[in-house]
Amino acid sequence: MDLGISALNYVSGIKNNEFTVEEFISKSLERINEVDKNLHAFLRINDFAIKNAKQIDSKIKSNQNVGRCYGMPISVKDNICIEGSKTTCASKVLENFIAPHTSTVVSRLHSEDSIIIGKTNMDEFAMGLSTEFSAYGPSKNPWNTDCVPGGSSGGSGVSVAANECIASLGSDTGGSIRNPASFCSVVGLKPTYGLVSRYGLVSYANSIEQIGPMTKTVEDSAFLLNIISGIDPNDNTTLDNKNQDYLSDIDSGISGKKIGIVGEMTNSDGLSTDVLNATNDATKTFEKLGANCEQVSLQMVPYTVAAYYTITSTEAGSNLARYDNVRYGYDLDSSGFEFNSYISQARSKFGPEVIRRMILGGFVPSAGHAGKYFLKALKVKSKLITEIKHVFEKFDFLISPTVPIQPFKFGEKINDPVSFMMVDINTVTANLTGIPAISVPYKITNGLPIGIQIMANHLEENSLLQAAYALEKTVDLPEVSI
Ligand code: GLN
């Protein structure tokens, strides 16, 4: 049995009686047992996976209605809640937190008979880009275990790349789906803001984040988007996509489409030559596929990282105030503490990166400083939105490298926060403007992956997936050999 098959091939395998759900789930669990000691993609495994598999097998055998996922194993980032099970956000602060409700995305996966095989590792509260900020130790890149897998949804990326499951759900506030997708050589989609419900996602920066799929193929991302997207009464920011089918015309091609190569994302400081070469190569490929490619400038891009961290830290500062051990927290005996010292003791369990964001998030919007920082960041955001609107009058898609560099070694960047944050230069634009963006695996150079990012206008997921599918069809990448 091939654990590396796509979601669509899994479904046809079940329908053709090539294997049962139980057989596939048992093999996936064996695989996790074998490789995850080293890779650490998972923080927890679902103890009921085999029981769930048996139930779905018996539904199949007795010809009952079975959901579109047919028991496929899907992993979920550990900031997405499932009622009755732990959701830690890879933080010691939520070490014992049992979610009181199930997120809409997981409810939708459950109702389509998928099996949530486990919860994946991440940077604490989704702050980071390497999983080095997980309070439970980092995940490792299956292409080279000396390297980071990207983040913050690093565990999700690893779980899919290493064939521990069929697909995963991550969250993307500033690249956290696309960055690990690029570093692990899987497909990662950040949908339009509001296309996917955030109900049950532990908030980091509510105004810009989205949940999205991380998959082995572009078709699989369309398949999962069909399931998780659409209006949700529990999240008032959701949009009605009228049950659009993102899969049906995915092979329409991109002939005649106009593609802009974003200058500021292909000449930034620190862009690696290999990544630039891969991007130039992808541009030629798009032209061969019949698209017209042209350089385009988005002048606000050099300011986006600063604006992004200013806005997200401000939102994070207020979101994280609830972890005071009164409303949310861990077991900490209050005897011997007065009120303030108890709360400071409780909050001392946050990791250093989260603390840095909270300090920043308290400072930048404060009286006397807001004009210089927070309001300025909002101006960058609104100017960027104007620029984006303008370029999409002319172009169908924008492209860039997903990340300016390839996966780096553990410890290599973490001590230089500013250059670390600059790794987000190409991904945060989609979040600040709310547009959809996808990372497609494009090359393996020096044994490490490079992903290409494609961005489209609001709610243009359909054509975005068509472009990604067309690009994907031109590449033939090796399997990871772990
Ligand atoms: N690196 C970004 C940050 O730390 C991305 C996080 C994300 O998308 N969740 O904020």
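Residues numbered from 1 in each chain as written. Predicted model: local features only at pLDDT ≥ 70, side-chain atom pairs only at ≥ 80, totals over all residues. Heavy atoms only, no water.

Engineer: What should I look at first to understand the overall build of the protein in this one?
Structural biologist: Helices and strands together make up the secondary structure of the protein, namely 16 helices and eleven strands. Computed over the C-alpha atoms, the radius of gyration of the protein is 21 Å, within 12% of the 23 Å expected from 2.2 N^0.38 for a compact globule of 482 residues. Each principal axis of the C-alpha distribution contributes one length, and for the protein these read about 65 × 55 × 45 Å. Burial analysis of the protein (482 residues in total) assigns 61% to the buried set. Once local pairs closer than 6 in sequence are excluded, the contacts in the protein between residues at least 24 apart make up 76%. Element-wise, carbon and sulfur atoms account for 49% of the exposed surface of the protein, whose accessible area totals about 18300 Å². Charged side chains in the protein number 42 positive and 52 negative. The centres of these two groups are separated by 4 Å. (Helix = DSSP H or I, 4+ residues; strand = E, 2+ residues; numbered from the N terminus. Rg over C-alpha atoms; globule rule 2.2 N^0.38 Å. Buried < 20%, exposed > 50% of the residue type's maximum accessible area, 1.4 Å probe, protein only. Contact = heavy atoms within 4.5 Å. Areas by Shrake-Rupley, 256 points an atom, 1.4 Å probe, with all protein chains shown as cover. Lys, Arg positive; Asp, Glu negative; His and termini not counted. Charge placed at Lys NZ, Arg CZ, Asp CG, Glu CD.)

Engineer: Sorry, what's going on with the pattern of salt bridges here?
Structural biologist: Side-chain pairs of opposite charge can arise whenever the charged atoms involved come near each other. All told, the structure shown has 16 salt bridges when counted by the stated rule. Across the pair Lys 27 and Glu 30 runs a salt bridge whose closest N-O atoms are separated by 3.7 Å. One end of the pair, Lys 27, and the other, Glu 30, are both in helix H2 (residues 21-39), three residues apart, so they sit about a helical turn from each other. On the basis of relative accessible area, Lys 27 is assigned to the partly exposed category, the value being 37%. Residue Glu 30 is classed as partly exposed on the basis of its relative accessible area, which comes to 45%. For the salt bridge of Arg 178 with Asp 172, the shortest nitrogen-to-oxygen distance reads 2.9 Å. (Salt bridge = Lys/Arg side-chain N within 4 Å of Asp/Glu carboxyl O.)

Engineer: Would you mind showing me how to read the site of the ligand here?
Structural biologist: Taken together, the neighbourhood of the ligand is formed by 15 residues, with Gly 174, Ser 176, Tyr 204, Tyr 308 and Arg 357 sitting nearest. At 2.9 Å, a backbone N or O of Ala 126 approaches a nitrogen atom of the ligand. With respect to the ligand, the side chain of Tyr 204 contributes an N or O atom lying 2.6 Å from an oxygen atom. Expressed as a share of its isolated accessible area of 300 Å², the protein-covered part of the ligand is 100%. Of the residues that constitute the shell around the ligand, the class distribution is six nonpolar, six polar and three charged. (Near = heavy atom within 4 Å. Polar contact = N/O pair within 3.5 Å; in protein donor to acceptor, adjacent residues only side chain to side chain. Nonpolar A, V, L, I, M, F, W, Y, C, P; charged D, E, K, R; others polar.)

Engineer: Please clarify how the pairing of strand S3 (residues 115-120) should be interpreted in this entry.
Structural biologist: In terms of residue burial, S3 counts as a mostly covered element, since six of its six residues are buried. Relative to S3, strand S1 (residues 42-45) runs antiparallel, the two sharing three bridges. Across the sheet, Phe 42 pairs through a bridge with Thr 120, a residue of S3. Where strand S2 (residues 73-77) meets S3, five bridges bridge the pair, whose relative direction is parallel. Looking at the pairing, Ser 75 lines up with Gly 118 of S3. At this point the chain moves from S2, through helix H4 (residues 104-111), to the parallel S3, and the crossover so formed is right-handed. (Pairing = 2+ DSSP bridges. Right-handed = clockwise from strand over helix to strand, strands pointing away.)

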